[in-house]
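Coordinate inspection notes
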Amino acid sequence: MIDRIRGVNLSGWFILEPWVTPSLFAATGASNDAELQEILGSAAYNERIREHYETFISEADFKRMSAMGLNAVRIPLPWYAFGVQNEHATYISCIDYVDRAMEWASKYDMFVLLDLATVPGGQGDSNSSPTTPDVADWHSSESGRAAALATLERLAERYGEQDALLGIELLDSPVMSVRKSLFAMTEGIPSHYLRNFYRDAYEVIRRHMPARKMVVFSDSGHPGAWKRFMAGDQYQNIVMDMHLYHYRDETAQDITTPKGLSSALNRNKELIREAKKLGFSVLVGEWSGAAVLAGSSVTPEGRRAYERVFVSNQLATFDAADGWFFQTWKTERRLPAWDARVALAPLERAMME
């Protein structure tokens, strides 16, 4: 296995993201995957998706990633990765293309982290279908839980022994319910439910995947909530994933000021330190160059310059983590803060290491 992970997400490949590939949604009126299928109909939708799977990521992408000094990819997968057909929807399998990704990774000495990023009913995060309620209801559905576990087991059966597999992430970033006052909890999935699901998923995966491969779980934005989790000797190679973004929520800082930049960077360090104190290995599963740039006087060129500085400074804050995955490898519009081909290309290889 590798000592330090320097990777990118392959977002928008198997789970459609309008901000990554707006052309897939152009002239349809759809704003998400579910709406696109409803508008196009299953046959036309599947044809469009099949072509997208075929062309969006290729061997040339892996060759370029490797040349840049990257050594891993994180691939978000839907719960229907093996295909599904029912009265509500038809989804074609993407597994043949995951097979290709594993082959390309092996060819270019890279590793793959497979990430279960959607579940039936939604987990309350950005991957959840907007057609589901604001409060994720996956945890209240026995069939949804079973579907997630079945997909994880099939992934472990198929790839668990492959040299290119880094590990499997059990859920992408579920919104967890936490206490906000003595008598009130935030909306989300109860923490005890997530803990039980992760333990069950661990058992399912370890039947097929050896201990040298990682089992990754999301901190759900609350690293301190996982004290003594999976602490027994029966649990091996457990890794916490944190997503460190700075463009939204009350923690977002204006990085055009030295104080704001310093505050954002210190937040990264503190969250990683908090997770490491619990005894976990830590991955930064998603991060980007996006941040608050206050003031209308910032030109497009100035924005790019601030974002480049922010990217390089953030890399230095990840030293205590076991690695990172930039969000994301490519976007159709080459968004400077989000497209690794733009954001990471100017960096010297030594900076990423």
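Presented here is an overview of the structure given in this document.

About the criteria used
Residue positions are given per chain, counting from 1 as you read along its sequence in written order. Where totals are concerned, whole chains, interfaces and linings use all residues; where local detail is concerned, this predicted model gives features only for residues with pLDDT of at least 70, and gives and counts side-chain atom pairs only at 80 or more. Hydrogens and water molecules were not included; the side-chain quantities draw on all heavy atoms of the structure. Grouping buried Ala, Val, Leu, Ile, Met, Phe, Trp, Tyr and Cys residues that are joined through side-chain atoms within 4.5 Å yields what is termed a nonpolar core. Here's how the labels work: a residue is buried when its accessible area is under 20% of the maximum for its type, exposed when over 50%, partly exposed in between, all with a 1.4 Å probe on protein chains only. Here, two residues are considered to be in contact whenever any of their heavy atoms come within 4.5 Å of each other. The term salt bridge refers to a pairing of a side-chain nitrogen on Lys or Arg with a carboxyl oxygen on Asp or Glu at a separation within 4 Å. Only runs of H or I of at least four residues qualify as helices and only runs of E of at least two qualify as strands under DSSP, and these elements are numbered from the N terminus. Throughout this description, a polar contact denotes any pair of N or O atoms lying within 3.5 Å of each other; where both atoms belong to protein, one of them has to be capable of donating a hydrogen while the other can accept it, and for residues adjacent in sequence the pair is counted only when both atoms sit in side chains. Axes here refer to lines fitted to C-alpha atoms; in helices the fit is confined to the stretch in contact. Angles between the N-to-C directions go from 0 to 180 degrees. An angle below 35 degrees is read as roughly parallel, one above 145 as roughly antiparallel, one from 65 to 115 as roughly perpendicular, and any other as oblique. The sense of a crossing depends on the near helix, which, turned anticlockwise from the far helix by less than a right angle, makes the crossing left-handed and, turned clockwise, makes it right-handed. Classification used: nonpolar for Ala, Val, Leu, Ile, Met, Phe, Trp, Tyr, Cys and Pro, charged for Asp, Glu, Lys and Arg, polar for all others including Gly. Between any two strands, pairing holds if DSSP finds at least two bridges. Side-chain rings of Phe, Tyr and Trp (the six-membered ring for Trp) are treated as a pair once their centres are within 6.5 Å; stacked means planes under 30 degrees apart, edge-to-face means over 60, and tilted covers the remaining angles. By definition here, a helix of n residues has an expected span of 1.5 Å times n minus one. The directions from the helix axis to the C-beta atoms are what the arc is built from.

Within the largest apolar cluster, 93 residues are counted, with the highest numbers of intra-cluster contacts made by Trp13, Phe62, Leu114, Phe197, Tyr198 and Leu344. Other than its neighbours up to four places away in sequence, leucine 114 contacts Ile75, Leu77, Val98, Leu155, Tyr159, Leu165, Gly167, Ile168 and Glu169. Ranked by size, the runner-up nonpolar core spans ten residues in total, among them Ala72, Phe111, Leu113 and Leu166.

This part takes up the pattern of salt bridges. Scanning the model with the defined rule gives 17 salt bridges in all. Between glutamate 59 and lysine 107 there is a salt bridge; the shortest N-O distance is 2.6 Å. Linking glutamate 59 in helix 3 (residues 59–68) with lysine 107 in helix 4 (residues 95–107), this pair joins segments that are 48 residues apart in sequence. Looking at glutamate 59, the relative accessible area reads 26%, which means it is partly exposed. The class of lysine 107 is exposed, set by a relative accessible area of 55%. One salt-bridge network, in which partners are shared between bridges, spans Arg74, Asp115, Glu169, Asp172, Asp241 and Glu286.

Residue glutamine 327 is joined to threonine 328 through a cis peptide bond whose omega torsion reads 10 degrees. One can find threonine 328 in the loop between strand 12 (323–326) and helix 9 (340–343). The residue serine 220 is not glycine, and still its phi comes out positive at about 55 degrees. Along the polypeptide, serine 220 turns up in the loop between strand 9 (214–218) and strand 10 (238–246). Residue arginine 228 is not a glycine yet carries a positive backbone phi of 65 degrees. Assignment of secondary structure puts arginine 228 in the loop between strand 9 and strand 10.

Before going further, it helps to spend a moment on the side chain of serine 220. Overall, serine 220 belongs to the buried group, its relative accessible area being 13%. Within the structure, the side chain of serine 220 is placed 2.6 Å from the backbone oxygen of proline 174, a separation counted as a polar contact. If we skip the residues at most four places from it in the chain, serine 220 touches Pro174, Met176 and Leu194.

Viewed as axis vectors pointing N to C, helix 7 (residues 258–277) and helix 8 (residues 300–317) meet at an angle of 30 degrees, and their least axial separation amounts to 9 Å. When the interaxial angle is binned, helix 7 and helix 8 end up roughly parallel. Seen from above, helix 7 lies across helix 8 with right-handed handedness. Taken together, the residues of helix 8 that come into contact with helix 7 (itself represented by Leu261, Ala264, Leu265, Asn268, Lys269 and Ile272) are Phe310, Asn313, Gln314 and Thr317. Grouping the constituent residues of the contact of helix 7 with helix 8 by class yields five nonpolar, four polar and one charged.

This part is about the sheet that holds strand 9. With respect to topology, eight strands assemble into a closed barrel ordered 1-2-5-6-9-10-11-12, the strand pairing being parallel. On average, adjacent strands in this sheet sit at an angle of 25 degrees to one another, irrespective of strand direction. Strands in contact with helix 6 (residues 191–206) are strand 6 (165–169), strand 9 and strand 10; relative to strand 9, the strand with the most contacts, it is inclined by about 160 degrees.

As enumerated under the stated definition, the model contains 22 aromatic pairs in all. Ring plane angle 75 degrees and centroid distance 5.3 Å describe the contact between phenylalanine 14 and tyrosine 53, whose orientation is recorded as edge-to-face. On the criterion of sequence distance, the pair formed by phenylalanine 14 in the loop between strand 1 (5–9) and helix 1 (33–40) and tyrosine 53 in helix 2 (residues 42–55) is long-range, its members being 39 residues apart. Residues phenylalanine 14 and tyrosine 53 agree in their burial class; the two are buried. A connected cluster of aromatic rings, assembled from ring pairs, spans Phe197, Tyr198, Phe217, Trp226, Phe229 and Phe280.

Its 20 residues give helix 7 an end-to-end C-alpha distance of 28 Å, which sits within 8% of 28 Å, the value for a rise of 1.5 Å per residue. Within the sequence span of helix 7, burial applies to Gly260, Leu261, Ala264, Leu265, Asn268, Leu271, Ile272 and Ala275. Looking straight down helix 7, one finds its buried side chains confined to an arc of 135 degrees; they lie on one side. Exposed and facing more than 90 degrees away from the buried side of helix 7 are Pro258, Lys259 and Lys277. Residues of helix 7 that are buried in the fold lie against strand 10, strand 11 (281–291) and helix 8. Positive phi appears at glycine 279, one or two residues downstream of helix 7, with a value of about 100 degrees.

Moving on, we come to the environment of asparagine 9. Mapped onto the fold, asparagine 9 is located in strand 1. The buried category is assigned to asparagine 9, whose relative accessible area is 0%. Asparagine 9 sits 276 residues away from glycine 285 along the chain, and the two C-alpha atoms are 8.1 Å apart.

Among the six residues that make up strand 2 (residues 72–77), six are buried, leaving the element largely enclosed by the rest of the structure. Going residue by residue along strand 2, you find Ala72, Arg74 and Pro76 tucked away on one face and Val73, Ile75 and Leu77 tucked away on the opposite face as well. Sheet topology note: the strand 1/strand 2 ladder contains three bridges and is parallel. If you follow valine 8 over to strand 2, its bridge partner there is valine 73. The sheet contact formed by strand 2 and strand 5 (residues 111–116) spans six bridges and is parallel. Bridging across to strand 5, arginine 74 finds its partner in leucine 113.

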